[in-house]
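Structural characterization, general
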Amino acid sequence: MRAYMYAYGYKQARLSKETLLEAGLSDNACDGCDTCQVHCPCGFQVAQKIAALQPLTTIPDIFLT
């Protein structure tokens, strides 16, 4: 959720990418899951937010703010 906040809340794509890479997520973090086991108490759809951010990890840093 922190990476999502950086990207969409603060418009800091580079910081979002760094956070994602530090987390060590695979290229498709939700691959192999039939249903999401993450249940956010605030009601955020975590799997959807991760999917929205995942392409960010492949963008060269020179194009990120």
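Definitions and limits used
- Residues numbered from 1 in each chain as written.
- Predicted model: local features only at pLDDT ≥ 70, side-chain atom pairs only at ≥ 80, totals over all residues.
- Heavy atoms only, no water.
- Disulfide = S-S within 2.5 Å.
- Buried < 20%, exposed > 50% of the residue type's maximum accessible area, 1.4 Å probe, protein only.
- Helix = DSSP H or I, 4+ residues; strand = E, 2+ residues; numbered from the N terminus.
- Arc of directions from axis to C-beta.
- Contact = heavy atoms within 4.5 Å.
- pLDDT = per-residue confidence, 0-100.
- Phe/Tyr/Trp six-rings, centres within 6.5 Å; stacked < 30°, edge-to-face > 60°.

What follows covers the state of the cysteines. Taken as a whole and assessed by the stated rule, the structure comprises zero disulfides. A disulfide-free cysteine, Cys42 has its sulfur positioned 4.6 Å from the sulfur of Cys40, the nearest such atom. Classification of Cys42 as exposed rests on a relative accessible area of 62%.

It is worth spelling out helix α1 (residues 2-9) at this point. Taken residue by residue, α1 has Ala3, Tyr6 and Ala7 as its buried positions. Projected down its long axis, α1 carries its buried residues within an arc of 90 degrees, all on one side. Within α1, the exposed residues directed more than 90 degrees away from the buried face are Arg2 and Gly9. Directly beyond the C-terminal end of α1, a positive phi value near 60 degrees is found at Lys11.

Once that is clear, we can look at helix α2 (residues 13-23). Since the α-helix advances by 3.6 residues per turn, residues separated by three or four positions end up pointing in the same direction. Within α2, burial applies to Ala13, Ser16, Lys17, Thr19 and Leu20. Within α2, the buried residues cover an arc of 160 degrees as seen down the axis, which keeps them to one side. Seen from the buried face of α2, the exposed residues on the opposite side, beyond 90 degrees, are Leu21 and Glu22. The secondary structure elements touched by the buried residues of α2 are α1 and α3 (46-53). One or two positions beyond α2, positive phi appears at Gly24, with a value near 70 degrees.

Next up on the list: the confidence of the model for the protein chain. Per-residue confidence for the protein chain gives a mean pLDDT of 88; residues scoring 70 or more make up 100%. Within the protein chain, α3 has the poorest average pLDDT of any element, 88, and α1 the best, 94.

The next thing to look at is the packing of aromatic side chains. On inspection of all chains with the given rule, the structure shows two aromatic pairs. Seen from their ring centres, Tyr6 and Tyr10 are 6.5 Å apart, and the 40 degrees between their planes marks the pair as tilted. Since its relative accessible area comes to 17%, Tyr6 is described here as buried.

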